[in-house]
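# Understanding the architecture of this molecule
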Amino acid sequence: MAQSALMLQQCFKLGGLTLIPFADLDEQQVMTVWQMRNHPDVAHWMSSGGEIPFDTHLTFMARQRQETRNFNYLCQDALGPAGVVSLHRLDWHNRLAWLGIYRNPSRRGERLGTPLLAAIQQLAFDVARLHSLKLEVATDNERAVQAYQRAGFRHEGAWREAVYRQDQQRFIDLLLMGITEQEWKHP
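Here goes a summary of the coordinates provided.

Conventions used here
Residues numbered from 1 in each chain as written. Predicted model: local features only at pLDDT ≥ 70, side-chain atom pairs only at ≥ 80, totals over all residues. Heavy atoms only, no water. Salt bridge = Lys/Arg side-chain N within 4 Å of Asp/Glu carboxyl O. Helix = DSSP H or I, 4+ residues; strand = E, 2+ residues; numbered from the N terminus. Buried < 20%, exposed > 50% of the residue type's maximum accessible area, 1.4 Å probe, protein only. Phe/Tyr/Trp six-rings, centres within 6.5 Å; stacked < 30°, edge-to-face > 60°. Lys NZ or Arg CZ within 6 Å of the ring centre and 35° of its normal. Expected span 1.5 Å × (residues − 1). Contact = heavy atoms within 4.5 Å. Polar contact = N/O pair within 3.5 Å; in protein donor to acceptor, adjacent residues only side chain to side chain. Pairing = 2+ DSSP bridges. Axes fitted to C-alpha atoms, helices over the stretch in contact; angles between N-to-C directions.

With that settled, consider the pattern of salt bridges. Applying the stated criterion to the full structure yields 10 salt bridges. Where glutamate 156 meets lysine 134, a salt bridge forms, and the shortest distance between an N and an O atom there is 3.1 Å. One end of the pair, glutamate 156, is in strand 7 (residues 154–165); the other, lysine 134, is in strand 6 (residues 132–138), with 22 residues separating them in the sequence. The exposure class of glutamate 156 is partly exposed, given its relative accessible area of 44%. One connected set of salt bridges, linked through shared partners, spans Asp77, Arg107 and Glu110.

Scanning the entire structure with this criterion turns up six aromatic pairs. Summarising the aromatic geometry, the rings of phenylalanine 22 and phenylalanine 60 are spaced 6.3 Å apart at their centres and angled 85 degrees between planes, so their arrangement reads as edge-to-face. With phenylalanine 22 in the loop between strand 2 (17–21) and helix 2 (27–38) and phenylalanine 60 in helix 4 (residues 54–62), this pair connects stretches of sequence that are 38 residues apart. A relative accessible area of 28% means that phenylalanine 60 is categorised as partly exposed. Both rings, one in tyrosine 164 and one in phenylalanine 171, keep their centres 4.9 Å apart while their planes meet at 55 degrees; by these two values the pair is tilted. Given the relative accessible area of 46%, phenylalanine 171 is considered partly exposed. Against the face of tryptophan 98 rests arginine 89, its NZ or CZ located 4.2 Å from the ring centre.

Helix length check: helix 2, at 12 residues, gives a terminal C-alpha distance of 17 Å against a target of 16 Å (1.5 Å per residue), a fit within 8%. Regarding helix 2, the residues found buried are Gln29, Val30, Thr32, Val33, Trp34, Met36, Arg37 and Asn38. Turning to helix 2, the residues buried within the fold contact strand 2, helix 3 (40–43), helix 4, strand 3 (71–77), strand 4 (80–91) and strand 5 (96–103).

Our focus in this paragraph is the side chain of asparagine 72. Relative to the helices and strands, asparagine 72 resides in strand 3. Side chain to side chain, asparagine 72 and histidine 88 meet in a polar contact 3.4 Å long. Setting aside anything within four residues of it in sequence, one finds asparagine 72 in contact with Ile20, Pro21, Phe22, Phe60, Gln64, Val85, Ser86 and His88.

Here we have eight strands laid out as an open sheet, ordered 1-2-3-4-5-6-8-7, and mixed in their pairing. Edge strands, defined here as strands with exactly one partner in the open sheet, are strand 1 (12–14) and strand 7. Direction aside, neighbouring strands of the sheet carry axes that sit 30 degrees apart on average. Where strand 5 lies against strand 6, three bridges are found, and the strand directions are parallel. Bridged to leucine 96 within strand 6 is serine 132. Sheet strands touched by helix 5 (residues 113–127): strand 1, strand 2, strand 3, strand 4, strand 5, strand 6 and strand 8 (170–180). Its angle to strand 4, the strand with the most contacts, is close to 35 degrees. Across the sheet, helix 6 (residues 142–150) touches strand 5, strand 6 and strand 8, and the angle it forms with strand 6 is around 160 degrees.

Our focus in this paragraph is unusual backbone geometry. A positive phi angle, close to 55 degrees, is found at arginine 95, a residue other than glycine. Mapped onto the fold, arginine 95 is located in the loop between strand 4 and strand 5. Located in the positive-phi region is arginine 129, a residue other than glycine, with phi close to 60 degrees. Inspection of the secondary structure puts arginine 129 in the loop between helix 5 and strand 6. Assessed through its relative accessible area of 47%, arginine 129 is described here as partly exposed.

Coordinates in, geometry out; function isn't part of it.
Spelled out as C-alpha cells, the structure:
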C-alpha cells in the first residue's frame, strides 16, 4: 500500500471532530454507520437509492483495510456520532478526490453539516495534500447545495438525469461541484 494511503488509515482530530477510519470501527460503530446510511433521510439522497442489506454492509466494511483509493470515516463529537465523511476515487497523481458526506439523522436540529464539511476539507487539503475536491449532489437537494456553496464549492457542470427516484418515478440531475486547495485557503 502506498505511504499516502497508509497515512489516511488512522484516526484524526479535526475541527472538534474525531474521524475514525471504517477499518478501525468496533461492532457497535459498524452498526451505527449502517443505521445512519439506511435511515430514510440519508438513503433518499444516495444515488444507489434505498436500503443496503446488513450482509452487504459487512462485506463493504471488511474491505476497508485494503483500500488505497476510498477512505471512509465515522465522525464523532462530544455527543457521539455526528456523521460520515469520505474521500472517494482518490487520484494520487492528480491529487484529487470525490467527497462523500452524510450527517447523523437522529441528531435533528443540530448544525452538523458545517463541521463535517470543514473536517473533510481539512483532511483533504492539509493532511492528504490534495489539489482539488469534487462532489456530486442531486439538484433537488437544495439544502446540501447551499451548504456546499457556503463551504466554497463551485458549480462545475451536471450529469443530466443521472439518478432515478423510485418514489417520484422520475430522473434527477446530479450537480457537479468542486473546490481547489487555493480556493479553500483563500476564499
